[in-house]
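Architecture at a glance
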Amino acid sequence: MKTIAAYISLLALAGCATSSSEDGLRDVPELSAGMYQGYLQKEQLPDSAKLLPAPPAPGSPAFAQDTAIHDQAMALRGTPRWKLASSDADLSFPHIVGAFECALEVGISKEATPRLYQLVQRTMVDAGMATSAAKHKYNRTRPFVTYNEATCFPQDEPMLRGDGSYPSGHTALGWATALVLVETAPDRQDALLARGRNYGESRLICNAHWQSDVLEGRYVAAATVASLHTVPEFLQDVAIARKEVAAARKAGVPQPTRDCAAEANALAQPIPGVL
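As a starting point, this report considers the structure included with it.

What counts as what
- Residues numbered from 1 in each chain as written.
- Predicted model: local features only at pLDDT ≥ 70, side-chain atom pairs only at ≥ 80, totals over all residues.
- Heavy atoms only, no water.
- Phe/Tyr/Trp six-rings, centres within 6.5 Å; stacked < 30°, edge-to-face > 60°.
- Helix = DSSP H or I, 4+ residues; strand = E, 2+ residues; numbered from the N terminus.
- Buried < 20%, exposed > 50% of the residue type's maximum accessible area, 1.4 Å probe, protein only.
- Polar contact = N/O pair within 3.5 Å; in protein donor to acceptor, adjacent residues only side chain to side chain.
- Axes fitted to C-alpha atoms, helices over the stretch in contact; angles between N-to-C directions.
- Parallel < 35°, antiparallel > 145°, perpendicular 65-115°, else oblique.
- Left-handed = near helix turned anticlockwise from the far one by under 90°.
- Contact = heavy atoms within 4.5 Å.
- Nonpolar A, V, L, I, M, F, W, Y, C, P; charged D, E, K, R; others polar.
- Salt bridge = Lys/Arg side-chain N within 4 Å of Asp/Glu carboxyl O.

The next thing to look at is the packing of aromatic side chains. The full count for this structure, using the stated rule, is six aromatic pairs. Ring centres of Phe63 and Trp210 lie 5.1 Å apart, and the angle between their planes is 55°; this geometry places the pair in the tilted category. Here Phe63 is found in helix H3 (residues 61-74), whereas its partner Trp210 is found in the loop between helix H11 (189-205) and helix H12 (211-228), with 147 residues between them in sequence. Both residues of the pair, Phe63 and Trp210, count as buried. Ring centres of Phe100 and Tyr199 lie 5.7 Å apart, and the angle between their planes is 35°; on these two criteria the pair is classed as tilted. With Phe100 in the loop between helix H4 (80-89) and helix H5 (101-104) and Tyr199 in helix H11, this pair connects stretches of sequence that are 99 residues apart.

Before going further, it helps to examine unusual backbone geometry. In this structure, Pro94 follows Phe93 across a cis peptide bond, with omega equal to 10°. With respect to the helices and strands, Pro94 occurs in the loop between H4 and H5. Residue Pro254 is reached from Val253 by a cis peptide bond, and omega for that bond is -5°. Relative to the assigned elements, Pro254 resides in the loop between helix H13 (232-251) and helix H14 (260-267). Although it is not a glycine, Glu105 adopts a positive phi angle of roughly 65°. Within the secondary structure, Glu105 sits in the loop between H5 and helix H6 (114-130). Judged by its relative accessible area of 40%, Glu105 falls in the partly exposed class.

Looking now at the side chain of Glu233. Within the secondary structure, Glu233 sits in helix H13. At a separation of 3.0 Å, a polar atom in the side chain of Glu233 contacts the side chain of Arg122.

For the pair H11 and H12, the least separation of the axes is 9 Å and the interaxial angle reads 155°. It follows that H11 is roughly antiparallel to H12 by the angle criterion. Once H11 is placed against H12, the crossing between them reads as right-handed. Taking contact as the criterion, the partners of Arg197, Gly200, Glu201, Arg203 and Leu204 in H11 are, on H12, Gln211, Val214 and Arg218. Of the residues contributing to the contact of H11 with H12, the split by class is two nonpolar, two polar and four charged.

Here we come to the pattern of salt bridges. Applying the stated criterion to the full structure yields 17 salt bridges. Note that Asp237 is salt-bridged to Arg26, the shortest N-O span being 2.7 Å. Residue Asp237 is located in helix H13, and its partner Arg26 is located in the loop between helix H1 (4-11) and strand S1 (30-32); the two are separated by 211 residues in the primary sequence. You can call Arg26 buried: its relative accessible area is 8%.

Here is the structure:
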């Protein structure tokens, strides 16, 4: 399992990216086996501790909104949407990249679309890292801890109890990925952005985050992608990945590995009142 906390602890061990390798992947130092470092150096990451306001205080109208959405999200326990939220909680690779295959209409793999795969992975590392400062600054308690409830992904609960809830790292990963994938397939913009949005909303259904965590996770993701556009290597990889996606769609392979009909059915169950 590659958690956001693992990304953060491992980044300090990584070096600088180098040239392209023969298999289509860029020759980039690994944070761990098969996990590449991001594009941004530590000093280039958005400072979420400076960018974000304090999370809603208990008793405030904003916190009342958070608790109301929590109650609405919990009504989806046991539904197909709950099952999808559980899948979205799993940050292991290559599982996580599959979350966007139906929206992209292309299977994403290290073998068939190497630069696209690496682009997504490195973007996720940067987006997850960018949430770290605010998480540590505010160390907000997660809803499942507040209410002494379960989440949709119990194996992560011990780690999550000590990991700040604000902002949502999963949301940052998902929204940043959606924004970058739109650049590789502009005609899939609406589907990709919708998937990026509901990827973050899965954290509400999973009982791992408050709504304000999710909203600010999107903000950190957008700031991260803006920073990525100052990195020539990132822009080069987007251009290469765009060609990979176009070729894959023209050839009709690889197909998404997910059951896209089941995913669409699950996503037809929105959280009432969510912003």
